[in-house]
Amino acid sequence: RSEGLHPQRMTLQPWATHRETRQHSKGVFLKNGEEWRADRLLLNKEVMMTAAVKRFLPLLDEVARDFCQMLQARVEREGRGEKGNRSLTIDPSPDLFRFALEASCHVLYGERIGLFSSSPSLESQKFIWAVEQMLATTPPLLYLPHRLLLRIGATLWTQHATAWDHIFSHADARIQRGYQRLSSSQGQESKPGEAGGRYTGVLGQLMEKGQLSLDLIKANITELMAGGVDTTAVPLQFALFELGRNPEVQEKVRQQVRTSWAQAGGDPQKALQGAPLLKGAIKEILRLYPVGITVQRMPVKDIVLQNYHVPAGTMVHVCLYPLGRSAEVFEDPQR
């Protein structure tokens, strides 16, 4: 409430430097102030609001079903025990990473990229490598003078920038295909944001409405694609871990989801509304294992927080991890 309509936040500087050196537009993740608000209000309509979520939930459901079938087939093929009742110990990280990437791209572009295939395309494999490389090189660059690294051509910066170049190249190719699909479907009778009656993804919606320039669409789609992978895959892994060691919670959630799905008649939105325990479990995971360790806020006027005077323009870090595990706030916080 104290940061106003146009917040100022910390910028992920290595990402911003890449955009500046390559002369790419910045998306909502790297913006502040009025520019941030202008992009954010348009993106909310296609990503956050109920009507938008309702359109893309079936796409997520399709990917989730394929993902589960792939894991079930693997358990039957490689697992121990009798057929139909086998167990398998695996590191789920790579599979969850591919699930998050396939699901987010399906929503953003309205088309699958084929990561569950036994032989993913070279383009998809290169994209996975690029996202992994970008994520791996970001943390050390937060604590090093990256503009100096850029000037001397340091390997770490070169790896980071090359990974981003691949990500932008991949996004550009997808956006070009999306534009061609949209152009070829014009003149056909279909609802807004749909080509031939099919949802065209967030990209199709933004292109059709034309409220953002093509450069800003590309910047925002690329950031959503790159930023939505580990932030989904890691909490999912912690969710599996916590449900695994709280089997009574796991069973309650599973039974409620099954009942809700049966009553929803195949509508994912209705199924979610009828499964509050699922939402509760996810909120508990994010309390214990927050996606971001801190969030930053800069008040635009002097405020007093718990008897501390905070002058306007001071960067305030809210430490989510210790807050979520505080016995002063939560009863039995580790559980």
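Residues numbered from 1 in each chain as written. Predicted model: local features only at pLDDT ≥ 70, side-chain atom pairs only at ≥ 80, totals over all residues. Heavy atoms only, no water.

### Side note on the pattern of salt bridges
- Considering all chains together, one arrives at 22 salt bridges under this definition.
- Here Glu-102 and Arg-112 are joined by a salt bridge, their closest N and O atoms 2.5 Å apart. Placement of Glu-102 in helix α4 (residues 93–109) and of Arg-112 in the loop between α4 and α5 (122–141) is noted, with a sequence separation of 10 residues between them.
- The class of Glu-102 is buried, set by a relative accessible area of 0%.
- The salt bridge involving Glu-111 is made with Arg-174; its shortest N-O contact spans 2.8 Å. With a gap of 63 residues between them, Glu-111 in the loop between α4 and α5 and Arg-174 in helix α7 (residues 155–185) connect regions that are remote in the sequence.
- One salt-bridge network, held together by shared partners, links Arg-74, Arg-77, Glu-78, Asp-95 and Arg-98. (Salt bridge = Lys/Arg side-chain N within 4 Å of Asp/Glu carboxyl O. Helix = DSSP H or I, 4+ residues; strand = E, 2+ residues; numbered from the N terminus. Buried < 20%, exposed > 50% of the residue type's maximum accessible area, 1.4 Å probe, protein only.)

### Description of the environment of Leu-203
- Take Leu-203: it is sitting in helix α8 (residues 201–209).
- In this structure Leu-203 comes out as buried when scored by relative accessible area, which is 1%.
- Along the backbone, Leu-203 and Ser-183 are 20 residues apart, and their C-alpha atoms lie at a distance of 13 Å.
- When near neighbours in sequence (up to four residues on either side) are disregarded, Leu-203 contacts Leu-108, Tyr-109, Arg-174, Ile-175, Gly-178, Ile-217 and Ile-221. (Contact = heavy atoms within 4.5 Å.)

### A look at the side chain of Arg-287
- In this fold, Arg-287 is placed in helix α13 (residues 276–288).
- On the accessibility criterion, Arg-287 (10% relative accessible area) is buried.
- A polar atom in the side chain of Arg-287 sits 2.8 Å from the side chain of Glu-284.
- A polar side-chain atom of Arg-287 sits 2.8 Å from the main-chain carbonyl oxygen of Pro-333. (Polar contact = N/O pair within 3.5 Å; in protein donor to acceptor, adjacent residues only side chain to side chain.)

### As for a nonpolar patch on the surface
- A contiguous nonpolar patch, built from Val-295, Val-318, Leu-323 and Val-329 and spanning about 280 Å² of accessible area, is present on the exposed surface.
- Looking at where Val-295 falls in the secondary structure, it is placed in strand β3 (residues 294–297). (Patch = residues over 30% accessible without salt bridge, like charges linked within 9 Å, V, L, I, M, F, W, Y side chains within 5 Å. Areas by Shrake-Rupley, 256 points an atom, 1.4 Å probe, with all protein chains shown as cover.)

### Some thoughts on α5
- Here α5 contains 20 residues, and its C-alpha end-to-end distance of 28 Å stays within 8% of the 28 Å for a straight helix at 1.5 Å per residue.
- For α5, every residue scored as buried is listed here: Ser-124, Phe-127, Ile-128, Ala-130, Val-131, Met-134, Leu-135, Thr-137, Thr-138 and Leu-141. (Expected span 1.5 Å × (residues − 1).)

### A short note on the domain arrangement of the protein chain
- According to the domain assignment, the protein chain contains domain 1 (12–183 + 199–245), domain 2 (247–290) and domain 3 (292–334).
- Between the C-alpha centres of domain 1 and domain 2 there is a distance of 24 Å.
- Every contact between the two is made by 15 residues of domain 1 and, on the other side, 11 residues of domain 2.
- Contact between domain 1 and domain 2 buries roughly 1100 Å² in total, counting both sides, with carbon and sulfur atoms accounting for 70%.
- Across the contact surface, domain 1 and domain 2 share 2 residue pairs in polar contact (both at pLDDT 80 or more).
- If you list the elements that add at least two residues to the side of domain 1 that touches domain 2, you get α3 (50–78) and α10 (230–245).
- Looking at the side of domain 1 that touches domain 2 element by element, the count peaks at 8 residues for α10.
- Across the side of domain 1 that touches domain 2, the residue classes tally to 8 nonpolar, 2 polar and 5 charged. (Domains from an automatic or database assignment. Buried area = accessible area lost by both parts, 1.4 Å probe. Nonpolar A, V, L, I, M, F, W, Y, C, P; charged D, E, K, R; others polar.)

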